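Structural overview for review
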Amino acid sequence: MHCGSRLSEGPGELLGPVAVLDSIHGAGIIASRLRDLGIDAEALEVYHSSHDMERFSLVVAPVHLSPQNRSLSDARRLGKRVISHHRAVGMILGEREFRAVEITGTRGKTTTALLLALILSHDMRVVSHTTSGIELWSRGKRSLITSGLSITPGNLIAAHQVASRERADALVSEVSLGGTGAFDVGVITSLSGDYLIAGGSMWASTAKLQMLSLSSTNARIVTNTDAKLSADVSFGDGGDVKLSRRSVDIGEESFPISLDEALDPTYFDGIAGALAAAISMGVDVQDAVEALDGFGGFKGRMSRYQLDGVNVIDNSNSGLKVSGIERALDLASGGRICLVAGEDSESVCEGLDIDALVKMIESRREDIDELVLVGRRLEPHAPRLRGRTARNFQEGLDVARRHTFAGDCLVLCVKCFR
């Protein structure tokens, strides 16, 4: 219906033997799928061992891998052709009977993806693949299918398989560091706050621009105006879609929108991006706006709720930064304040900036009545910060609940997958 397998396209054809580097970040599933397609392929662990690259015709490497990595540098020294995981995945994904959306960016990927799935689910059967897991959406409700998959491009293979099995009308996928090209709509949520990858040799924004370079000619591209890119539909300040607390502007038209009054403004870019993507898919503007009626946030993304009378501000998610912890603290009010902050080291690859977090807590320590520090990297700072310690998110929550009471405010800010 849409794109078929592109194994034989031009110079990027996948001819074996193929070495797929980095078994920690999706090489296994890529190599397995290539073998299913009759191609000699091997997944290689490249951080703790090196390999003889002589026999391979093609090397598939993640964009984040340092050029100094011995296996990768040897492949290039031998003149082997090297392509990215993103490109390989885009080429091997077969025909699909659903519409596919891929979302990348420096911030807001998960929120935008979940919001788009929410909007589309009011008229479609939708599967989403994000750091929250692979989930099935129907009529604004979601149910978890599987958890524990990262958003490395290789895992899109599993997400496509689930979407086919579930007979989905649409698949919305969050993808790290770019797009695969196997999409009908590609979204770049932001390029602000850029950072270096690949051993400091490349800016993340350069990798994310695969969203454009690998896209097909009939794909639609949606971008935040901060990316300063030519797009089919833009959102944000000066874009085609702009959001305020009570209205959304689409071009020259304005539509009322009814969001929960307590919704944090950090959601606004995600809502605008999701609306822009929905519109680019042909969803009626009024229907898209109405799908967000009363929206009050997603759990773990600056959401607010009560837990046995304790007022909770929950901003524990995989994309958490120190600025997000400080923002959550700014929102805390009423009663004693308990902050649970840190990282669940067993579930995240890229941790928090510990030095920046410690400095922020030091500057705000008098505002915090109870402090729980999560993760082994924060343990040495506990005595000086006068904080309790916990190994992971759940243990941090358990400790906090023993020291908070009705009317208190509990601020949950742990970098983790939820």
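Right above here is the structure, for reference.
Residues numbered from 1 in each chain as written. Predicted model: local features only at pLDDT ≥ 70, side-chain atom pairs only at ≥ 80, totals over all residues. Heavy atoms only, no water.

**Brief notes about the pairing of strand β3 (residues 58–61)**
Heads up, the condition is: Here the term buried applies to any residue with accessible area under 20% of the maximum for its type, exposed to any over 50%, and partly exposed to those in between, with areas from a 1.4 Å probe on protein chains only. Counting from the N terminus, the helices are the DSSP runs of H or I reaching at least four residues and the strands are the DSSP runs of E reaching at least two. For two strands to count as paired, DSSP must find a minimum of two bridges between them. Handedness of a crossover: with both strands directed away from the viewer, a clockwise path from the first strand across the helix to the second marks it as right-handed.
A two-sided burial pattern is seen for β3, the buried positions comprising L58 and V60 on one face and V59 and A61 on the other. Bridge count between strand β1 (residues 18–21) and β3: 3 bridges; the pairing is parallel. By the bridge assignment, V18 is partnered in β3 with L58. Pairing analysis gives 4 bridges linking β3 to strand β4 (residues 81–84), with the strands arranged parallel. Within the sheet, the bridge partner assigned to L58 lies in β4 and is R81. Handedness of the β-α-β unit built from β3, helix α2 (residues 70–77) and β4 comes out right-handed.

**Points about the side chain of T404**
Threshold: By the criterion applied in these results, polar contacts are pairs of N or O atoms within 3.5 Å in which, for protein atoms, one can donate a hydrogen and the other can accept it, and in which residues neighboring in sequence qualify only through two side-chain atoms. The contact criterion used throughout is that any non-hydrogen atoms of two residues lie within 4.5 Å.
Counting through the fold element by element, T404 comes out in the loop between α13 (393–402) and β23 (409–415). A residue is classified by how much of its surface remains accessible, and T404, at 8% relative accessible area, is buried. Reaching out from T404, the side chain makes a polar contact with the backbone oxygen of A400 at a distance of 2.9 Å. When neighbours within four sequence positions are excluded, T404 is seen to be in contact with V310, R336 and C338.

**Thoughts on the environment of V222**
Its place among the elements puts V222 in strand β13 (residues 220–224). Taking the C-alpha atoms as reference, V222 lies 19 Å from S244; in sequence the two are 22 residues apart. With sequence-adjacent residues up to four places away left out, V222 is seen in contact with V185, G186, V187, I188, V233, F235, G273, A276, A277 and S280.

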